[in-house]
Amino acid sequence: MGAILKDLLKYNIEFRVGSMLIAIVLVMSALSFVSPYPPSDTFVVAPDAPPSAAHWFGTTSRGQDVFWQLTFAIRNTLAFGVLVAMLSRVLSLSIGLLAGYKGGWIDRILMSVNDTFIVIPLFPILILFYFVLRDSMSTLLLAVIMACLGWAYDARLIRSVAMSLKAREFTQVSIYSGMTTREILVREHLPYVMPIVFSTTMNNMNWSIGLEVTLAVLGFMDINSPTIGGMLYWANQHTAVVAGIWWWIAFPIALVVAAFVGLFLLAVSMNEYIDPRSRLARMGGGAR
Amino acid sequence: MTAVDDVSFSMVADAPEVLTIIGESGSGKSTLARMILGIHAPSSGRIVFEGEEVSARVARDRHAFMAKVQPIFQNPFESFNPLKKLDRYLFMTAERFGRAGRGNVERVCDEALGAVGLSLAEVRGRFPHELSGGQLQRAAIARALVSRPRLIVADEPVSMVDASLRMSIVNLFSRLKREFGLTIIYITHDLATAYHISDRLIIMRRGQIVETGEARGVLSAPKHPYSQMLKDAVLTPDSAGIFRSSVQSRL
Amino acid sequence: MSAAPILQVRNLRAAFRTHHFGVRRDVPAVDDISFDVRANEIYGLAGESSSGKTTLIKTIAGVIKPPLELVGGSARFAFLPDCESLAQASPAAVAAIRWSKLAYIMQGSMNVLNPVRRIGKTFEDFALRHIGSAGDFQQRVEAHLQRVRLEPSVLRSYPHELSGGMRQRVTIALATICAPDFIIADEPTTALDVIVQKDVLAMMRDIQGAMGASILFVTHDMGVHAALTDRLGIMYAGRLVEEAPTDVIFRGALHPYTRHLIASLPRIGDRSERKSLTGVPPNLANAPPGCRFHPRCPLAVDICRVQAPAMTELATQHRVACHVVTGEAA
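Keep in mind that what you see is a predicted model, and the values were worked out from it rather than measured. (Residues numbered from 1 in each chain as written. Chains lettered and ligands numbered in written order. Predicted model: local features only at pLDDT ≥ 70, side-chain atom pairs only at ≥ 80, totals over all residues. Heavy atoms only, no water.)

**Student:** What is the right way to look at the overall build of chain A in this model?
**Tutor:** Counting secondary structure elements, chain A contains 13 helices and zero strands. N-terminal to C-terminal, the α/β element order of chain A is α-α-α-α-α-α-α-α-α-α-α-α-α. Viewed in the frame of its principal axes, chain A has a C-alpha envelope of about 75 × 50 × 30 Å. For chain A, buried positions account for 50% of its 288 residues. Counted over contacts in chain A with a minimum sequence separation of 6, partners at least 24 positions apart contribute 70%. Counting every atom, chain A has about 13,300 Å² of accessible surface; 70% of that belongs to carbon and sulfur. Here chain A carries 19 positive and 16 negative side-chain charges, and the mean point of each set is 10 Å from the other. (Helix = DSSP H or I, 4+ residues; strand = E, 2+ residues; numbered from the N terminus. Buried < 20%, exposed > 50% of the residue type's maximum accessible area, 1.4 Å probe, protein only. Contact = heavy atoms within 4.5 Å. Areas by Shrake-Rupley, 256 points an atom, 1.4 Å probe, with all protein chains shown as cover. Lys, Arg positive; Asp, Glu negative; His and termini not counted. Charge placed at Lys NZ, Arg CZ, Asp CG, Glu CD.)

Here's what the structure looks like:
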């Protein structure tokens, strides 16, 4: 693992830039643990102060320090994105691989469920959930709901790769070597699907973070736990743009964009590294 | 769509032989192979192995059936996962088909590899791309041997092996028949290699058998017009200039 | 027979160069190859996997994309005398000769024919530009189809409605309609059944004879070479090892590899044991020094292990690269 990281850092500029951006984001989230102010307390500092030596990113109209507030916000937002991505990856991987490999009625059932999720209009459903659940709606619950709604496209993608893998001779050889279905899926097919998993993870995180921000900005969220969307919501509530409190909006957006771009670059470079063709080329089998 | 239509033949348990099924693409020979392997069930008719219908037997105990009937495929570079070490498939076959106790796995695999002219030392820890097509096809045959099968179904096993190595693989099949008492179904479109190793021969066209019989007899003097056409179309080193003369005669 | 060559290949070298995360590989797939293709002949190139024959024709055709790189030498066509190789020619120059002077026939006909376009439309895409007026274009296409024994009705068909043999006829008709001087054929019949193959080969011979074109015909199938080609070059591990008229190769090959290759071919009616070569084809990324065949060669002597033999003309039109054979002849 260490050697892989060293290779990537040494030979891949995308990876270097990406890991730098993600490092900034991670350091920010880690700083939340040493924040001098509790995240939900208001009017702990003088409001509406522009960036200065005392308050690097300025303060909000609610008397909060933007920098320290942002550390909590990015931590929650990132955790939310990772959670949604993880859960939905597990779903799309297991369903996609199984449907593609097994075929027949298993495939038909799984794919009809899959297509149902693809055609469900997402945004109204999320708002519906908010109105039904109201007070019991937490970030965690939203993550689970989004994971359930966010696996379907990628499962289809994975299924198509699994179907082509199934037709390859080594799959038959694996069966006749006595491997179980689980072994074939995990040991033989998974390595070919990993590049898809990586790039879709990144897409999925962007999608879920984006939706979370959207929902929070509109107020359809638990606005008291600080997230990037939550900060923007309060900034809007206090008409920060009109009032010229640009730092309340600019810094959260800059940080979330850094996270997006960092994730994207990491996904691209990792993809190139674990892509079966590139792996074979490094092992010396690509020239055939 | 009917891929295989009203095909009947049988093979005797105690008389090992190489039965060749010859046909061009679309003749149904591969479909037939997959039915014998129990991958597809026939829509009508029966395939009986050791007195029991294949589809019933596969449904009852696939594992035991696979130990006795093993396949060999066309493309040696695809027979093993390019991202995995190749010894894994041999070890796995030895472990799963219970021929060997834990300690014996390596010995069993080495023996099987020895029978095809390789050794475990040559194969251990290596990836498929590190071996040549001929070596990979040998390794694939060795893997099939590990479970001590009674029947091997080889679907175009040499069509992607280099010409200079092809005959060594073909000869290997005759040797395995003799030494292990194996029955081999050799599926091919190549009449010349079929002539060399088969005892009996079936020529298929569009899912039906057009001619069958003792291999040398059929290939030396085919009776069915299709078999004759097939034989005439085979280009060998002796066909030198057949098209050249046809042009010159017209000019 | 001393017609001027239409293609002159001189000391051609090409290599695959890859660079993945610090792992550098340099695979010399075409190593110092020289030969001529004359006007109005079918020149065959034979070789097994990793012999570099596909790379060689890619290099000649100028289809050089990374990781493949042209390292040196030239491949000069008579119709582009100022151009060392197609890879260095300007795109405009290449477009001007493509199909009108130089045509290709590939293995997978489906890769050439657009699946959602009728065959007639594909003919227009390929050839209208080179043939001029639309009026007699239709007549010319139909006359040409007759030559490859296809009905004019195929023009209204989609590729998937035709059989494999008919599709390959269509691609041959496409390649030859502008009466090119030179055709590169890469395993054009390998995917076909033997009965169809024989038919298609006979047709290629007819059409070549009628048009007076030259064909560079590449296949691993020695039977096809025997039947079709006029002269034959044998490749091994990226080098040309023997070249002679096809009859001579099959009756009296000199290079030990060629002799083994021919002796190992099975024949119906001859059940004598065939010997295969021992050993394996070399990995080009780590090719043996000297003659690349020496580890498998029954005749190998000391010099074979250190010095690569040069192609030497031992008889008229018969060139061999082998220390032992040349030594005996001298």
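**Student:** So what exactly am I meant to see when it comes to a nonpolar patch on the surface here?
**Tutor:** Residues and elements named next belong to chain A. A cluster of nonpolar residues, Leu83, Leu87, Leu140 and Val144, forms a patch on the protein surface that exposes about 310 Å² of accessible area. The set of elements that each furnish at least two residues to the nonpolar patch consists of α3 (66–102) and α6 (139–149). Within the element layout of this structure, leucine 83 appears in helix α3. (Patch = residues over 30% accessible without salt bridge, like charges linked within 9 Å, V, L, I, M, F, W, Y side chains within 5 Å. Salt bridge = Lys/Arg side-chain N within 4 Å of Asp/Glu carboxyl O.)

**Student:** So what exactly am I meant to see when it comes to the packing of helix α3 (residues 87–96) of chain B against helix α6 (residues 133–146) of chain B here?
**Tutor:** Helices that pack against each other are described as a pair by the angle of their axes relative to one another and the distance between those axes. Residues and elements named next belong to chain B. The contact between α3 and α6 brings their axes to 8 Å, and the two run at 10°. With respect to each other, α3 and α6 are oriented roughly parallel. Within the contact between the two elements, α3 uses Tyr89, Leu90, Thr93 and Ala94 and α6 uses Ala139, Ala142, Arg143 and Val146. For the contact of α3 with α6, the per-class residue count stands at six nonpolar, one polar and one charged. (Axes fitted to C-alpha atoms, helices over the stretch in contact; angles between N-to-C directions. Parallel < 35°, antiparallel > 145°, perpendicular 65-115°, else oblique. Nonpolar A, V, L, I, M, F, W, Y, C, P; charged D, E, K, R; others polar.)

**Student:** For this particular structure, what's the right way to read the environment of B:Arg148?
**Tutor:** Relative to the assigned elements, B:Arg148 resides in the loop between α6 and β5 (151–155). Looking at B:Arg148, the relative accessible area reads 46%, which means it is partly exposed.

**Student:** Would you mind showing me how to read the interface of chain B and chain C here?
**Tutor:** The accessible area lost on association of the parts is a frequent measure of interface size. Between chain B and chain C, the residue contacts involve 39 residues of the former and 40 residues of the latter. Approximately 3,600 Å² of surface area, both sides summed, lies buried where chain B meets chain C, with 59% of it carried by carbon and sulfur atoms. For the pair chain B and chain C, the number of links is zero salt bridges. Elements with a contribution of two residues or more to the side of chain B that touches chain C: α7 (163–180), α8 (191–197), α9 (215–220), α10 (225–233) and α11 (242–250) of chain B. Among the elements that line the side of chain B that touches chain C, the one with the most residues is α7(B), at seven residues. Split by residue class, the side of chain B that touches chain C holds 18 nonpolar, twelve polar and nine charged. (Buried area = accessible area lost by both parts, 1.4 Å probe.)

**Student:** Any chance you could explain the sheet that holds strand β3 (residues 42–46) of chain C here in plain terms?
**Tutor:** Two orientations exist for strands paired in a sheet by backbone hydrogen bonds: parallel and antiparallel. Residue and element names in this part refer to chain C. A sheet is described by the order of its strands in space; here eight strands give the open sequence β5-β6-β7-β3-β8-β9-β11-β10, paired in mixed fashion. Each edge of the open sheet carries a strand with a single partner, namely β5 (102–105) and β10 (312–315). Direction aside, the axes of adjacent strands within the sheet are offset by 20° on average. Seen against the sheet, helix α7 (residues 194–211) touches β3, β5, β6 (182–186) and β7 (214–218) and runs at an angle of roughly 155° to β7. With respect to the sheet, helix α10 (residues 256–263) is in contact with β8 (231–236) and β9 (239–245), its orientation differing from that of β8 by roughly 105°. (Pairing = 2+ DSSP bridges.)

**Student:** Help me out: how do you make sense of α7(C) in this one?
**Tutor:** Along an α-helix, residues three or four positions apart point the same way, because every turn accommodates 3.6 residues. Residues and elements named next belong to chain C. The end-to-end C-alpha distance of α7, which contains 18 residues, comes to 26 Å, matching closely the 26 Å that a straight helix rising 1.5 Å per residue would cover. Turning to α7, its buried residues are Val194, Ile195, Gln197, Val200, Leu201, Ala202, Met203, Met204, Arg205, Ile207 and Gln208. Glycine 212 lies just past α7 and shows a positive phi near 70°. (Expected span 1.5 Å × (residues − 1).)

**Student:** Before we go on, may I ask you to explain unusual backbone geometry in this structure?
**Tutor:** Among all residues except glycine, the phi angle is most often negative; among peptide bonds, the trans geometry is most common. Residue and element names in this part refer to chain C. Between proline 66 and the following residue, proline 67, the backbone shows a cis peptide bond with an omega angle of 10°. By the secondary structure assignment, proline 67 is in the loop between α1 (53–61) and β4 (68–77). The residue glutamate 187 is not glycine, and still its phi comes out positive at about 45°. Under the relative-accessibility criterion, glutamate 187 is labelled buried at 9%. One non-glycine residue, alanine 237, lies in positive phi territory at about 50°. Mapped onto the elements, alanine 237 comes out in the loop between β8 and β9. On the basis of relative accessible area, alanine 237 is assigned to the buried category, the value being 3%.

**Student:** Hey, could you run me through the nonpolar core in this one?
**Tutor:** Generally speaking, soluble globular proteins have nonpolar side chains that are buried together. By size, the foremost hydrophobic cluster in this structure holds 105 residues, and its most contacted members are C:Phe35, C:Ile60, C:Phe123 and C:Phe182. Apart from residues lying up to four places away in sequence, C:Phe123 is in contact with C:Leu128, C:Phe137, C:Val141, C:Leu145, C:Leu155, C:Val170, C:Ala173, C:Leu174 and C:Ile177. Grouped together as the second largest cluster of nonpolar side chains are 85 residues, B:Val4, B:Phe80, B:Val116 and B:Val123 included. (Core = buried A, V, L, I, M, F, W, Y, C linked by side-chain atoms within 4.5 Å.)

**Student:** Looking at this structure, how should I read the environment of A:Arg168?
**Tutor:** For A:Arg168, the location among the structural elements is in the loop between α7 (152–166) and α8 (169–176). Look at A:Arg168 and you get partly exposed, because its relative accessible area is 23%. The sequence separation of A:Arg168 and A:Val193 amounts to 25 residues, and the corresponding C-alpha distance is 15 Å. Residue contacts for A:Arg168: discarding those within four places in its chain leaves A:Tyr192, B:Glu78 and B:Pro82.

**Student:** Hey, could you run me through helix α9 (residues 181–218) of chain A in this one?
**Tutor:** Residues and elements named next belong to chain A. Along its 38 residues, α9 runs just 46 Å from first to last C-alpha, ending more than 12% under the 56 Å computed at 1.5 Å per residue. When the local axis directions of α9 are compared, the greatest deviation, roughly 65°, occurs at leucine 190, which is followed within four positions by the proline proline 191. Positive backbone phi, at 90°, marks glycine 219, one or two positions downstream of α9. (Bend = angle between axes of the 7 residues up to and from the residue.)

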